[in-house]
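# Architecture and fold: a report
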Amino acid sequence: MNALRRRTVADFEKAAGRHDDPAVYGGPPGDPGLVGPDSMSWRINSDIASVSAAGLPAIVLEILHPSVVAGVQDLSNYREDPFGRSRATLGYVLATTFGNTEAATTVIERVKRIHSFVNGARPDGVPYRALDPELIAWVHTCIPWMILRAYEATNRPLSQQEKDRYLFEQALIGRMGGADRVPETAAELDDYVESMRPKLSVNAQTREFLDFLLTSPFFPDLPDPIDRQLHRFAIYAGMSLAPRWAQELIGYDRPPLLTRALTGPVLRLDARRLRWAFGTPRYAQMAQERAAGAVREVAAS
Ligand code: HEM
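So, here is what we can say about the structure in this document.

So, how was this worked out
- Residues numbered from 1 in each chain as written.
- Predicted model: local features only at pLDDT ≥ 70, side-chain atom pairs only at ≥ 80, totals over all residues.
- Heavy atoms only, no water.
- Helix = DSSP H or I, 4+ residues; strand = E, 2+ residues; numbered from the N terminus.
- Buried < 20%, exposed > 50% of the residue type's maximum accessible area, 1.4 Å probe, protein only.
- Contact = heavy atoms within 4.5 Å.
- Phe/Tyr/Trp six-rings, centres within 6.5 Å; stacked < 30°, edge-to-face > 60°.
- Lys NZ or Arg CZ within 6 Å of the ring centre and 35° of its normal.

What follows concerns the environment of Pro 255. With respect to the element layout, Pro 255 can be found in the loop between α13 (244–249) and α14 (257–278). According to the relative accessible area criterion, Pro 255 is buried, its value standing at 16%. Sequence separation between Pro 255 and Tyr 236 is 19 residues; the distance between their C-alpha atoms is 6.8 Å. Leaving out residues up to four positions away in the same chain, Pro 255 has contacts with Tyr 236 and Arg 260.

Moving on, we come to the packing of aromatic side chains. In total, this model carries nine aromatic pairs according to the counting rule given. On the numbers, 5.3 Å between centres and 80 degrees between planes, the contact of Phe 12 with Phe 278 is edge-to-face. Taken together, the positions of Phe 12 in helix α1 (residues 2–16) and Phe 278 in helix α14 put the pair 266 residues apart, joining distant regions of the chain. Judged on exposure class, the residue Phe 12 and its partner Phe 278 are both buried. A connected cluster of aromatic rings, assembled from ring pairs, spans Tyr 25, Trp 42, Phe 98 and Tyr 283. Its end group placed over the ring of Trp 276, Arg 5 keeps NZ or CZ at 5.4 Å from the ring centre.

Mapping Gln 161 onto the fold places it in helix α9 (residues 160–176). For Gln 161, a relative accessible area of 60% gives the class exposed. Sequence separation between Gln 161 and Thr 185 is 24 residues, and the spatial gap between their C-alpha atoms is 8.5 Å.

That is the geometry; function is a separate question.
This is the structure we're talking about:
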C-alpha cells in the first residue's frame, strides 16, 4: 500500500513539481505567511487534488481574454515546456498561500518583474501589458474561482461564508500581484465574471493555444491513439469545472454520452486517489509546523 502511495505521489510530482522547498514553506518559527493557519485558503489549498484539477480550466479561462492570450503567444515558452509552465503557476499559488511572508512576497515581486517585460500589441492592434491591473485581476481571479469549483465538485460543498472568506484572503494576493479591484465575495465574483464575459472571445491566437493544449501529447508514455482518447477525456473532465458558457466558447460543450456520464465520477475518484496518496501535502505540513513555531532543520526527503 505504501509503495502505491509513494508511486502516486512520485508520478504527480514528476509533472507538477514537489513544492516542499524549506526556504519557502519553512522559515521563521511562528511566521503565519500572508494568510495564516486559520485561513480558508490553508484549508482549501491543502487539498492538492482540487488545486491541481483547477489548473486546466483556470488557464483556459485566462486565455479567453484576447490581451492575455496575445501576451502568452508572444512571450511564453509554454510550447517548449508546457509542464514547466504549469509547475510554475502551481508553485506560485502554493508559495503565496503557504510560504513564509518573505518567500511569498519575494515570489510575487519576482513574477511582477517578469510581467513588466510582457508588453506588446494584439493582432487587432490593441496594445497590452501584463501588468495592466485589469488583466492581472482576470488572471488572478480565474485561479481561486476554479479552485473553489474544483473543491465543491470533488470534495464537499462550501458555505457562502467559507467561499467569501477564501476569496477575501486570495484577493490580498491578487492585489499584491498588481490587480486593483478583485472580487472578495462569492456575490462579487458572480458580478465580476458577468462583467468580464463581453471581453472574452476565441480568436486565431486563442485557437492556436487551445489546439496545442488539446492536441499535444498528454500521456507521452502511452501509445498515440490511447494518449489522444485519454487526453480528450481529461480536457472534457477538466473543463466540466468551468461554466457552461466557457465550454461553449471553446467548443467543448458536447462531450460524447459516455464521457459525459463518466467525467464527474472520474474527477471525484481521481481526487480521492490523490488525497489518499498525499494526506496532508508537505507544503501544508511544513507551513503548519512553521506557523506553530517549530524550526525545521532538514529538508523533507
Ligand atoms: C495574477 C495574475 C498572474 C499570475 C499569478 C501569473 C503567474 C505567472 C507565473 C508564476 C509565471 C512564471 C514565472 C517563472 O518563470 O517562474 C508567469 C510568467 C508569465 N506570465 Fe503571468 N501571471 C499573471 C498574469 C499574466 C498576464 C495578465 C499575462 C499576459 C498578458 C501573463 C503572461 C505571462 C508571460 C508571457 C510569462 C512568461 C513566462 C512564460 O509563460 O513562459 N501573465 N506568470
